[in-house]
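Letter by letter, the chains look like this.
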Amino acid sequence: MPADEVVAADEAVEAAVPLLEPRDGVPPVIETVADLERVIDAFAAGTGPVAVDAERASGYRYGQRAYLIQLRRRGAGSALIDPVALPDLSELGDVLADTEMVLHAANQDLPCLAEVGIVPNRLFDTELAGRLLGHPRVGLGSMVENVLGYVLEKGYSAADWSTRPLPEDWLRYAVLDVELLVELRDALYAELTASGKLDWALEEFAAILTTPPKPPRTDPWRRTSGIHRVRNRRALAVVREVWMTRDKIAQERDLSPGRVLQDAAIVELALSSPKTPTELQALPTMRGRGARRHQTAWLRAVSKARGLPDRALPESNLPGDGPPPAHRWAERDPEAAKRLAAAKAVVAALADEHTMPTENLLQPDSVRRLSWSPPDDLTPEAIADVLRELGARPWQINLVAKPLAKAFVRLECKGDL
C-alpha cells in the first residue's frame, strides 16, 4: 500500500468514534402483548425505513430461530422484542410490510423473521450494497466504521442468545446494531446512485425477496466434516446412522448437533466401528461427557449400520444435477475446460472493471453450468437465455452476455473447440 494510503487509513482509524451507548438508552425487552401493541403503534407512526436485526443461538440451540429481534425507526426509537415470549409478530409484520426494511446480510435473518411473521415487501441489504460498491470489508462493524466513522461493540455476536434473562451488556450491543443502520443505508444509497449501481442493487434486493427457499438438502449427513476420510459404503452407513441419531437427540433436547456429538466423533465411529462401551470410550473424541452421555444410542446406530444388507448401504457418491467438479474437466471434456477458463477470465475482468467481487457479478455455479452446457448458437441472446434460466438478473446479463459470447466464439475460431 502506498505511503499516502497508509496515512489516510491510519487517520480514518484514529478518527473513528467508539459507539458506546444508544442515543435513547437501552429499552426494556418487550415480552407482553400489551407492550407489543404499544411498539406496533409507535412503529406504525414512525417515518422512513425501519432497521431490523435478529440474534440467534447458532452453535447452542437446534435450528436457526430468533431469540431477540431489534428494530429502529425514525420517530419510534428502538425496540427489543423477545420472540420466545411473543412468537407471533405478524401484526407488527403487517404494519411494516410495505415499509422498506434495512438489514445487514438479509439472507441470514429473513428465514427466522418469517417464522415469527415479519416478511418484508421492500428491502435494503447494507452488506450486499457494500459488495456491489466494492468495499473491501462488508461486516457491519467494518461498514459502520469505514462509511460512518463509528466503532461498534463486537463482543457478543457469537453469544448464546437463548440465555434468559439477557445481560444488560448484550442488550446494549443488540440495540447498537440497529442504531446506525438506517444512516448506513442512506450513505450507501448515495454511493450507489453516484456510481450508477443503484438499479443493480434494487434488482438484487428484489431477487432476495422473490427467490424461493432452497429445498432441503438430499442426504444432509454427507456434509459431516471429515467425511472424506470414510472410504467404504459400510462406514458411510455408520456416518448416516450416527448422524441421524444425533440429529434426533439434538432436536429433542433443543441443542446444536455439535454440542451433542462433534463431527469428528461421527467420523471416528465410522472408521473404528466399536462394538462395546469399552471400545467406544477408548476413542479420543468420545471422552467428553456430552459424547458419553448417549453412548448406548451411538453403539445402537453403529450396530444397525453394521447389520444392513449391501443393497441398503448408501452410495459412495450421489449423482449431481450439474457439471462434475471443475478439476476433472480437462480430462473429461477439454473443450468445456477451455470455455470455463475463458468465462472465468471474462467475469473476473468485468468484476474488476466495476469494482465488485466476481461472485456478485455472476455466480460461479452459473459460470460452470454455462461453460459445461453452452447453447448451440453462441450468440449474446442465446447466452442471455441460459443465464436467465440460471437465475441471473437483468443487470448481470446485460454486462456479461455479449463478452461471454465473444469469448466462446473466439475459442471456436481459433480451433480450440
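Only a predicted model underlies this, so the values are computations on that prediction, with no experimental measurement involved.

Another point: the overall build of the protein. What the protein contains, in helices and strands, is 21 helices and 8 strands. Counting only C-alpha atoms, the protein reaches 65 × 65 × 50 Å along its principal axes. Split into buried and exposed, the 417 residues of the protein put 45% on the buried side. In the protein, 67% of the contacts between residues at least 6 apart in sequence involve partners at least 24 apart.

Mapped onto the secondary structure, serine 371 falls in helix α19 (residues 364–372). Accessibility expressed as a relative area gives 0% for serine 371, which makes it buried. A distance of 2.8 Å separates a polar side-chain atom of serine 371 from the backbone oxygen of valine 367. Once residues within four sequence positions are removed from consideration, serine 371 is found in contact with Trp329, Ala336, Arg339, Leu340, Ala343 and Phe408.

This part covers the packing of helix α10 (residues 233–253) against helix α15 (residues 295–306). Two elements in contact, α10 and α15, have axes separated by 8 Å at closest approach and are oriented at 145°. Of the two elements, α10 crosses α15, and the hand of that crossing is right-handed. Contacts between α10 and α15 involve Arg234, Ala237, Val238, Glu241, Val242, Thr245, Arg246 and Ile249 from the former and Ala297, Trp298, Ala301, Val302, Lys304, Ala305 and Arg306 from the latter. Of the residues contributing to the contact of α10 with α15, the split by class is 9 nonpolar, 1 polar and 5 charged.

Scanning the model with the defined rule gives 23 salt bridges in all. A salt bridge links arginine 222 to aspartate 219, with the nearest nitrogen and oxygen atoms 3.1 Å apart. Across the pair arginine 233 and glutamate 315 runs a salt bridge whose closest N-O atoms are separated by 3.7 Å. Of the two residues, arginine 233 sits in helix α10 while glutamate 315 sits in the loop between α15 and α16 (329–332), which places them 82 residues apart along the sequence. You can call arginine 233 partly exposed: its relative accessible area is 27%. By sharing partners, the salt bridges in this structure join Arg23, Asp24, Arg72, Glu179 and Glu183 into a single network.

Turning our attention to the nonpolar core. Across soluble globular proteins, you tend to see nonpolar side chains buried next to one another. Counting residues in each nonpolar core, the largest one holds 82 residues, and the members touching the most others are Ile69, Leu71, Ile81, Leu361, Ile383, Leu387 and Leu404. Not counting chain neighbours up to four residues away, the residues in contact with leucine 387 comprise Leu362, Leu370, Ala392, Ile397, Val400 and Leu404. Ranked by size, the runner-up nonpolar core spans 32 residues in total, among them Val239, Leu255, Val260 and Leu299.

Turning next to the sheet that holds strand β4 (residues 68–74). The strand order β2-β5-β4-β3-β6-β7 describes an open sheet built from 6 strands, whose pairing is mixed. Two strands in the sheet have a free side with no partner beyond their single neighbour: β2 (29–30) and β7 (122–125). In this structure, β4 lies alongside strand β5 (residues 77–81), joined through 5 bridges in antiparallel fashion. Bridging across to β5, leucine 71 finds its partner in alanine 79.

What follows is about helix α17 (residues 334–353). Taking 1.5 Å of rise per residue, 20 residues should cover 28 Å, and α17 covers 29 Å from first to last C-alpha, within 8% of that figure. What α17 keeps buried is the set Ala336, Arg339, Leu340, Ala342, Ala343, Val346, Val347, Leu350 and Ala351. In the core, the buried residues of α17 are packed alongside α16, α18 (358–361), α19 and α21 (394–413).

To continue, consider a negative patch on the surface. Taken together, Asp41, Asp88, Glu91 and Asp94 make up a surface patch of like negative charges. Positionally, glutamate 91 belongs in helix α3 (residues 90–96). Using a relative accessible area of 40% as the deciding quantity, one classes glutamate 91 as partly exposed.

Here is what the cut-offs are and how they apply
- Residues numbered from 1 in each chain as written.
- Predicted model: local features only at pLDDT ≥ 70, side-chain atom pairs only at ≥ 80, totals over all residues.
- Heavy atoms only, no water.
- Helix = DSSP H or I, 4+ residues; strand = E, 2+ residues; numbered from the N terminus.
- Buried < 20%, exposed > 50% of the residue type's maximum accessible area, 1.4 Å probe, protein only.
- Contact = heavy atoms within 4.5 Å.
- Polar contact = N/O pair within 3.5 Å; in protein donor to acceptor, adjacent residues only side chain to side chain.
- Axes fitted to C-alpha atoms, helices over the stretch in contact; angles between N-to-C directions.
- Left-handed = near helix turned anticlockwise from the far one by under 90°.
- Nonpolar A, V, L, I, M, F, W, Y, C, P; charged D, E, K, R; others polar.
- Salt bridge = Lys/Arg side-chain N within 4 Å of Asp/Glu carboxyl O.
- Core = buried A, V, L, I, M, F, W, Y, C linked by side-chain atoms within 4.5 Å.
- Pairing = 2+ DSSP bridges.
- Expected span 1.5 Å × (residues − 1).
- Patch = residues over 30% accessible without salt bridge, like charges linked within 9 Å, V, L, I, M, F, W, Y side chains within 5 Å.
- Areas by Shrake-Rupley, 256 points an atom, 1.4 Å probe, with all protein chains shown as cover.
- Lys, Arg positive; Asp, Glu negative; His and termini not counted.
- Charge placed at Lys NZ, Arg CZ, Asp CG, Glu CD.

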